[in-house]
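Coordinate inspection notes
Now for the letters of each chain:
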Amino acid sequence: MSTPLETRLTATLDHWKRSLLDLTKRNRAIHFRLTRVSTVTITGELPVIVYRQLVLEQARLRFKPAPKPEPPAGPTLRPPAPSLPLPSADPTDPLVD
């Protein structure tokens, strides 16, 4: 027969195990969504170097905004010409149904 303390410890350990194996959408480690507000895309650097600086060395990183994309080179396309209204059909014309 287990004591109340052992029962409580077992329940607490079971709760911790379930929390560690959270497979619901609350677990952002396995249900990651890239958004402009809450995520940062790091380009031009190896992930192992970023990990070393942030986690192992606990160093700070400074970020610059990404450059704006260049417009495509080459000839520019003109917008299509506005469509002209078609002449109205003559109801007396034999070709008009």
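Please read these numbers as outputs of a predicted model, since none were measured by experiment. (Residues numbered from 1 in each chain as written. Predicted model: local features only at pLDDT ≥ 70, side-chain atom pairs only at ≥ 80, totals over all residues. Heavy atoms only, no water.)

1. Digging into the pattern of salt bridges
The condition that has to hold: A pairing counts as a salt bridge when a side-chain nitrogen of Lys or Arg comes within 4 Å of a carboxyl oxygen of Asp or Glu.
Inspection of every chain in the model, using the stated rule, returns one salt bridge. A salt bridge links Arg 52 to Glu 57, with the shortest nitrogen-to-oxygen separation between them at 3.2 Å.

2. What about the layout of surface pockets?
How we decide: As defined here, a cavity is a set of points on a 1 Å grid over the protein atoms alone where a 1.4 Å probe fits but cannot get out. A pocket is an open set with protein on both sides within 12 Å along at least five of seven lines, and residues line them when an atom is within 4 Å of a point. Grid points are joined across faces, edges and corners, and a volume is the space filled by probe spheres set on the points. All amino acids are sorted into three groups, where Ala, Val, Leu, Ile, Met, Phe, Trp, Tyr, Cys and Pro are nonpolar, Asp, Glu, Lys and Arg are charged, and the leftover types, Gly among them, are polar.
Of the pockets and cavities examined, the largest pocket occupies roughly 320 Å³. As for the largest pocket, its lining consists of 14 residues, and the residues nearest its centre are Thr 41, Ile 42, Thr 43, Phe 63 and Lys 64. Split by residue class, the lining of the largest pocket holds eight nonpolar, three polar and three charged.

3. Structural notes on the side chain of Thr 39
Put simply, the rule is: By the criteria applied, helices consist of DSSP H or I runs no shorter than four residues and strands consist of E runs no shorter than two, each listed in order from the N terminus. Polar contact is defined as a pair of N or O atoms within 3.5 Å, subject to the rule that within protein one atom must be able to donate a hydrogen and the other to accept it, and that residues adjacent in sequence are counted only when both atoms are side-chain atoms.
The residue Thr 39 is located in the loop between helix 1 (4-20) and helix 2 (47-56) in this model. Within the structure, the side chain of Thr 39 is placed 2.3 Å from the backbone oxygen of Thr 35, a separation counted as a polar contact.

4. As for unusual backbone geometry
The criterion, for reference: Whether a residue is buried, partly exposed or exposed follows from its accessible area with a 1.4 Å probe, protein chains only, as a fraction of its type maximum: under 20%, in between, or over 50%, in that order.
Even without being a glycine, Gln 58 presents a positive backbone phi close to 50°. For Gln 58, the location among the structural elements is in the segment after helix 2. Assessed through its relative accessible area of 68%, Gln 58 is described here as exposed.

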